[in-house]
Amino acid sequence: MAPRVGAAVCEVALPLPSDRLYRYLLPEDLSDRAAPGMRVLVPVRTGEMVGVVMRLDRADEGESLRPLLLFPDPEPVVPGDLMQLAEWMAGYYVTPIGLVLRAMLPSGLWGRSRLVAHLVEGAPALSGSAGELLSALRRMGGRATAARLSRELDRPVWDLLRRAEQAGALSLEVSPARLGIAPKTEKTVRLIRYLPSLLEREQVFGRALRQRELYETIDALGGEATVSHLVRQLGFSSALVRGLVRRGVAVYGERRVVRDPFAGVPEAAPPEPTAQQREALAKLIGMPPGGAALLFGVTGSGKTLVYLEALRRELEEGRGAIVLVPEIALTAQTVARVRGVFGDTVAVLHSGLSEAERVDAWYAVASGRRKVVVGARSAVFAPVAKLGALVVDEEHDPSYKNGEAPRYHARDVALRRARLAGARVILGSATPSLEVWAVRDKITLVRLPQRVQAPGLPQVKIVDLRIAPLAVGSGGVPWSLELDRSVEERLRSGEQVILLLNRRGFANFLQCLKCGDVAQCPSCSIALTVHRTPAALKCHYCGHQEALPERCRICGGETQRTRGVGTQALERWLAERFSGARLARMDADTTTGKWSHGRILERVARGEVDLLFGTQMIAKGLDFPNVTLVGVIDADTSLHLPDFRAAERTFQLVAQVAGRAGRGPKGGEVLIQTRHPHHYAIEAVAAHDFEAFAQRELEVRRTPPYPPHVALANVVVSGLDERRVGEAAVELAGWFRRLIAVRAPGQGEVVGPAPAPLARIKQRWRWHLLLRSADREWLGRVVGYAARRAPYASRRGGPVRVIFDRDPVSLL
């Protein structure tokens, strides 16, 4: 429709890969509710979609606009500081604003209608593309959404659907958009008649003494109580409650309940801070608003307690706080500690929760009922009012980097949000990222050099696997006699052991002994991993799975051998070697359930596990005083990956798992098995010397230059046709070189292109090139310009896809 010139218009961001804002006419009866940050339901093509209002404007002459439909919420769901943050992220990470907002809000707040096609019985035959559409619809059982058909045919299908509908070959229906998660409520009973004197109560209740007792109980609870509390906890019957209502003294009502999956988590009362912790706390509290600090403390130095005491001051002054943790496995433990200080004012936000739980937590925070948020990466977007502080625990952890658009780093987003809100940021780690360590003189550096409850850091021994004698019968597991004796001694003493092997599955790959063939994933350029429970070959990138073959697929040979070793093979060996020990494996295969992480850790805490072993998820944040031995089965698994961060990742992982040992009065020991005992990362771990490692690694990264000496952007080109992807990457690299030579010679450098180390994932071939420059702002401008103008970059949905990843944490 063509509105009058100057009519009110809303510019709306939709969760689509489009840089434009969509303009909708604002009906007069909704004009008083329109504001930036509001969710809005708008018409799109043949359906409806939820978006977010970015700006209010006026209609131009001759502009044809459709009216928006409704505002689902009474107030904006994206407050002002988050709107500013979203616009900054869209520019910095070169991502459409709608996709940024989609990452910020819980998925349960986004909804869109679906166009569903139904094949008509006896449908006429159609030719060409419409005929292909009908064939695809038949393969899908005669019913499919337009989105599914589009994916199947790898092309837009809107016009084809309309043509087929007009020909009578199919019918179309629109399912309405879901506007949110239905709130969970519980029944309440509320007193409506005030009976202050004993005489009035006797007149109303007479000899109904139990009903009078119920009235007095509700009165003592503030005049309202949930029926479930009265019946289940206090022992009143439902009939008594109904009688009170029939007597006209009370009425039924409803109260919204926050779905809190951590409601039953026991609160852990914090200990008194030590002198070292109080000194650190004073430095953190003295930071100016908008300031940042690195809390650099050895493992077991009590960084969490310092965080909590700093946050306590913020809440006492009426401000809120966010605590980020890197792993879902850490959340339950962190929640217990935070609730030990702040009680029911704590909300949890992370991807492991259900949609309903995330939405409830989001609204509880937005309303101000919950003032402290604990969670993984996405919790940085929690709508905390009067935000006073953000904590990024284990700031070095790579899981803070998002793997899809927007490819943000939660630590960097936390720093930007703090600047916008005037909040303080505390970055905590025993092994800081080199990016943060390089700027330690520009922020507040706070040290915690000593452990709190342990006699000192554990002794570290390096076992050289090239010469160390191995245990008989260990098969492919690199199990030295020294590690064997140490584990046996600890188990005999009733102490606990943690073992790290950062590779899940049973074996790396399956190889034929006759022809040498290795079973490969059909969709990725990676060998299939051997699993024994259940028996299968699996791809850890795309999820492809197939049965273990009895014969080689190439030569038909019967004998095939597994190569390498994973956590499943380690489990088999441990069960055979220490048959009386209670084992617990912790990796991506054993922690698929919602609470599986917590259950395993609870068993360890109760002393029901003697040997805990697994991948990197056991390396961080675990605090068990009875763990006196940590063994690193193979420290070399990540040391020589084709990535400039390989040495840093190895140091951090091994140092962090070493920190799990000796946290109690018994002390502890660490055994690191490696074939590179003189590598500077391994030697630094053995010496507990992060600063020596950082000094050496920073020198290594000067030539050729890598972060933190330069800013980096990884440009990934992918597609289904290997040759076409390679040609596109070469063309794109030439375009960047010409751009730099003409516009800013010497300002930056193009490295590559080359096939990515993982050259194919999920059927898409991958090439990449690197852009690097000492000027971060200049690099940002180049990437932003390229996203709009470079070959292939702006052609979304084409045969070749281009992804810009600023500040990548991995180049694989």
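Treat the numbers as computed from the prediction; the structure is a model and nothing was measured. (Residues numbered from 1 in each chain as written. Predicted model: local features only at pLDDT ≥ 70, side-chain atom pairs only at ≥ 80, totals over all residues. Heavy atoms only, no water.)

Peer 1: Hey, could you run me through the environment of L315 in this one?
Peer 2: If you trace the backbone, L315 turns up in helix α11 (residues 303-316). Sequence spacing of L315 and E202 is 113 residues, and the spatial spacing of their C-alpha atoms is 47 Å. Beyond its immediate stretch of four places on either side in the chain, L315 contacts G320, A321, F342, T345, K371 and V372. (Helix = DSSP H or I, 4+ residues; strand = E, 2+ residues; numbered from the N terminus. Contact = heavy atoms within 4.5 Å.)

Peer 1: Explain the packing of aromatic side chains here, please?
Peer 2: Given two aromatic rings, one states the distance between the centres and the angle between the planes to describe the pair. Scanning all chains against the criterion turns up 16 aromatic pairs. Ring plane angle 50° and centroid distance 5.6 Å describe the contact between F205 and Y215, whose orientation is recorded as tilted. Here the residue F205 occupies a position in helix α6 (residues 198-205), and Y215 occupies one in helix α7 (residues 209-220), the gap between them amounting to ten residues. Of the two residues, F205 and Y215, neither departs from the other in class, the shared state being buried. Note on F296 and W437: the rings are 5.2 Å apart at their centroids and 65° apart in plane angle, and the pair reads as edge-to-face. Remark: W437 occurs in helix α15 (residues 434-437) and F296 occurs in strand β11 (residues 292-297); sequence separation between them is 141 residues. Here F296 falls in the buried class, since its relative accessible area comes to 12%. Of the residues examined, W437 reaches a relative accessible area of 3% and is grouped as buried. Here R772 stacks its cationic end above the ring of Y706, 5.1 Å away from the centre of that ring. (Phe/Tyr/Trp six-rings, centres within 6.5 Å; stacked < 30°, edge-to-face > 60°. Buried < 20%, exposed > 50% of the residue type's maximum accessible area, 1.4 Å probe, protein only. Lys NZ or Arg CZ within 6 Å of the ring centre and 35° of its normal.)

Peer 1: Help me understand the pairing of strand β26 (residues 611-614), please; the structure alone is not making it clear to me.
Peer 2: When a strand is regular, its side chains alternate between the sheet's two faces. Where burial is concerned, the two faces of β26 agree: the one with L611 and F613 and the one with L612 and G614 are both buried. Bridging between strand β19 (residues 496-500) and β26 involves four bridges; their strand directions are parallel. Note that in β26 the partner of L500 across the bridge is G614. (Pairing = 2+ DSSP bridges.)

Peer 1: Is there a simple way to explain the pairing of β19 in this structure?
Peer 2: Of all five residues in β19, five are buried, a share of seventy percent or more. Burial along β19 is two-sided: Q496, I498 and L500 and V497 and L499, pointing in opposite directions, are all buried. Taken together, the five bridges between β19 and strand β27 (residues 627-632) define a ladder with parallel strand orientation. Across the sheet, V497 pairs through a bridge with L629, a residue of β27.

Peer 1: Just checking my understanding: could you explain the pattern of salt bridges for this structure?
Peer 2: Should the charged atoms of two oppositely charged side chains come close, the side chains can pair. Inspection of the entire model under this criterion finds 41 salt bridges. Salt-bridge contacts for D610 lead to R582; the nearest nitrogen and oxygen are separated by 3.0 Å. One end of the pair, D610, is in the loop between α18 (596-605) and β26; the other, R582, is in the loop between α17 (567-577) and β25 (583-586), and 28 residues separate them in sequence. Residue D634 is joined to R675 by a salt bridge in which the shortest nitrogen-to-oxygen separation is 3.5 Å. (Salt bridge = Lys/Arg side-chain N within 4 Å of Asp/Glu carboxyl O.)

Peer 1: What is the right way to look at the nonpolar core in this model?
Peer 2: If you look at soluble globular proteins, the nonpolar side chains tend to sit buried side by side. Core analysis: the largest hydrophobic core is formed by 94 residues, its most contacted members being M89, L101, M104, L390, V413 and L612. Of all the elements, helix α1 (residues 80-92) adds the most residues to this core, at eight residues. Every residue in contact with L612, bar those within four places of it in the chain, is listed here: V497, I498, L499, A584, M586, I600, V604, I618 and L622. Counting residues in hydrophobic clusters, the runner-up holds 30 residues, among them W778, A787, Y792 and V800. (Core = buried A, V, L, I, M, F, W, Y, C linked by side-chain atoms within 4.5 Å.)

Peer 1: Before we go on, may I ask you to explain the environment of I600 in this structure?
Peer 2: Tracing the sequence through the fold places I600 in helix α18. Considered as a pair, I600 and A584 are 16 residues apart in the sequence and their alpha carbons are 7.0 Å apart. Contact partners of I600, with chain neighbours within four places excluded, come to A584, R585, M586, T590, T591 and L612.

Peer 1: Got a minute to help me understand helix α13 (residues 355-366) in this structure?
Peer 2: At 3.6 residues per turn, the α-helix brings residues three or four places apart onto the same side. The end-to-end C-alpha distance of α13 is 16 Å, a good match for the 16 Å that twelve residues give at a rise of 1.5 Å each. Across the twelve residues of α13, nine count as buried, placing the element largely inside the fold. Residues of α13 that are buried sit in contact with α1, α2 (97-104), β10 (250-257), β13 (346-349) and β14 (372-375). Of the residues one or two after α13, G368 is the one with positive phi, at around 90°. (Expected span 1.5 Å × (residues − 1).)

Peer 1: I tried to follow the sheet that holds β11 on my own but got confused; where do I start?
Peer 2: Sheets are built from strands paired through backbone hydrogen bonds, the pairs being either parallel or antiparallel. Across the sheet, seven strands lie side by side as β13-β14-β12-β15-β16-β11-β17; this open sheet has parallel pairing. Strands at the two margins of the open sheet, each flanked by one partner only, are β13 and β17 (444-448). Neighbouring strand axes in the sheet, compared pairwise and without regard to direction, differ in orientation by 20° on average. Judged from the five bridges that link them, β11 and strand β16 (residues 424-429) form a sheet pairing that is parallel. Across the sheet, residue F296 finds its bridge partner in β16, namely S429. Against the sheet, helix α14 (residues 410-421) touches β11, β12 (320-324), β15 (387-393) and β16, its axis set at about 165° to β15. (Axes fitted to C-alpha atoms, helices over the stretch in contact; angles between N-to-C directions.)

Peer 1: Would you take a moment to explain the side chain of Q496 for this structure?
Peer 2: By the secondary structure assignment, Q496 is in strand β19. Q496 gets classed as buried once you look at its relative accessible area, which sits at 6%. Within the structure, Q496 has its side chain in polar contact with the backbone oxygen of V604 (distance 3.0 Å). (Polar contact = N/O pair within 3.5 Å; in protein donor to acceptor, adjacent residues only side chain to side chain.)

Peer 1: Where do I start with the packing of helix α22 (residues 722-743) against helix α23 (residues 776-789) in this structure?
Peer 2: When two helices pack together, their arrangement is given by the angle between their axes and by how far apart the axes lie. Following both chains from N to C, one finds α22 and α23 inclined at 130°, their axes separated by 12 Å at the closest point. Our classification of the angle between α22 and α23 gives oblique. Between α22 and α23 the crossing geometry is right-handed. When α22 is examined against α23, the residues W735, F736, L739, I740 and R743 are found in contact with a partner set consisting of W778, V782, Y785, A786 and R789. Considering only residue class, the contact of α22 with α23 consists of eight nonpolar, no polar and two charged. (Parallel < 35°, antiparallel > 145°, perpendicular 65-115°, else oblique. Left-handed = near helix turned anticlockwise from the far one by under 90°. Nonpolar A, V, L, I, M, F, W, Y, C, P; charged D, E, K, R; others polar.)

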